[in-house]
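# Chain and residue survey
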Amino acid sequence: MPVAKGSTIDPERTRATIVHAATQVLYERGLDGIGVAELCARLGVSKETLYRHFGTKDGLVHAVLDTRSDRVIHWLTDTVSSSGDRPADQLTALFRALQGWYDGPEFRGCALINAATQHRTDAVRAIAARHVEGYLELLTGIAERAGADDPHRLALQLLILAEGATVVADHHSSARAGELACQAALALLAAAERS
């Protein structure tokens, strides 16, 4: 990432650019699937630059995971909020968005869950836990709007369906996991609305 002569260095912009570029590489190759030298070469940065901005490769991994989690939760929140006020429409929109992601050629499962499985460190597991909590909060809002007697319980059930669909989509290429999970989620929602 050479800096043009006469321009100033913006550390936040450099950091964001590295995180953006590293997100795809680490998702594609896995956290342990690429060493620092090759990672730096793919990103077009020196080791010195990587270490100056992130301290270690793990520091970069943590920044990538935090950023990706924020992006996914915002994407799903926007999907839900733009689908109207009906909880059934919100769940349908959420699972359709997930199915669209699953159908993409770059899909390799949930990066946060993959990372927590690969790196059973406290830092990575904490990032994954925050991600799941953000997801759960979104689903709890849907359950509350549906008038569920126990919104937290329904939200956990919906989370299991969403994360389970992501795992199945990653490991069973013929599955329409998002569509099937949506059917189950709508059945749970209907039961909660009747009670």
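Criteria and thresholds
Residues numbered from 1 in each chain as written. Predicted model: local features only at pLDDT ≥ 70, side-chain atom pairs only at ≥ 80, totals over all residues. Heavy atoms only, no water. Helix = DSSP H or I, 4+ residues; strand = E, 2+ residues; numbered from the N terminus. Buried < 20%, exposed > 50% of the residue type's maximum accessible area, 1.4 Å probe, protein only. Polar contact = N/O pair within 3.5 Å; in protein donor to acceptor, adjacent residues only side chain to side chain. Contact = heavy atoms within 4.5 Å. Axes fitted to C-alpha atoms, helices over the stretch in contact; angles between N-to-C directions. Parallel < 35°, antiparallel > 145°, perpendicular 65-115°, else oblique. Left-handed = near helix turned anticlockwise from the far one by under 90°. Nonpolar A, V, L, I, M, F, W, Y, C, P; charged D, E, K, R; others polar. Salt bridge = Lys/Arg side-chain N within 4 Å of Asp/Glu carboxyl O.

The protein carries the name TetR/AcrR family transcriptional regulator in an unreviewed UniProt entry, which gives Streptomyces marokkonensis as its organism.

With that settled, the discussion passes to the side chain of H131. Mapped onto the fold, H131 is located in helix α7 (residues 122-145). Judged by its relative accessible area of 2%, H131 falls in the buried class. Separated by 2.9 Å, the side chains of H131 and S69 make a polar contact. Residues within four places of H131 in sequence aside, it is in contact with S69, V72, I73, C110 and L112.

A separate point is the packing of α7 against helix α8 (residues 151-171). Remark: α7 packs on α8, axes separated minimally by 8 Å, with the N-to-C direction vectors making an angle of 125°. When the interaxial angle is binned, α7 and α8 end up oblique. Handedness of the α7/α8 crossing: right-handed. Counting all contacts with α7, which are made through V132, Y135, L136, L139, T140, A143 and E144, the residues of α8 involved are P151, H152, L154, A155, L156, L158, L159, A162 and E163. For the contact of α7 with α8, a count of residues per class yields twelve nonpolar, two polar and two charged.

We now examine the packing of α8 against helix α9 (residues 177-194). With their axes 9 Å apart at the nearest point, α8 and α9 run at an angle of 170° to one another. Considered as vectors, α8 and α9 are oriented roughly antiparallel to each other. Counted together, L154, Q157, L158, L161, A165, V168 and A169 of α8 and A177, G178, A181, A184, A185, L188, L189 and A192 of α9 form the full contact between these two elements. Class assignment of the residues belonging to the contact of α8 with α9 gives a composition of 13 nonpolar, two polar and no charged.

Taken as a whole and judged by the stated rule, the model has seven salt bridges. Between R86 and D89 there is a salt bridge, and its shortest N-O distance comes to 3.0 Å. With a closest N to O distance of 3.2 Å, D103 and R176 form a salt bridge. Placement of the pair is D103 in the loop between α5 (87-102) and α6 (111-118) and R176 in the loop between α8 and α9, with a sequence separation of 73 residues. On the basis of relative accessible area, D103 is assigned to the partly exposed category, the value being 46%. R176 gets classed as partly exposed once you look at its relative accessible area, which sits at 35%. Linked by salt bridges that have partners in common, D103, R176 and E179 make up one network.

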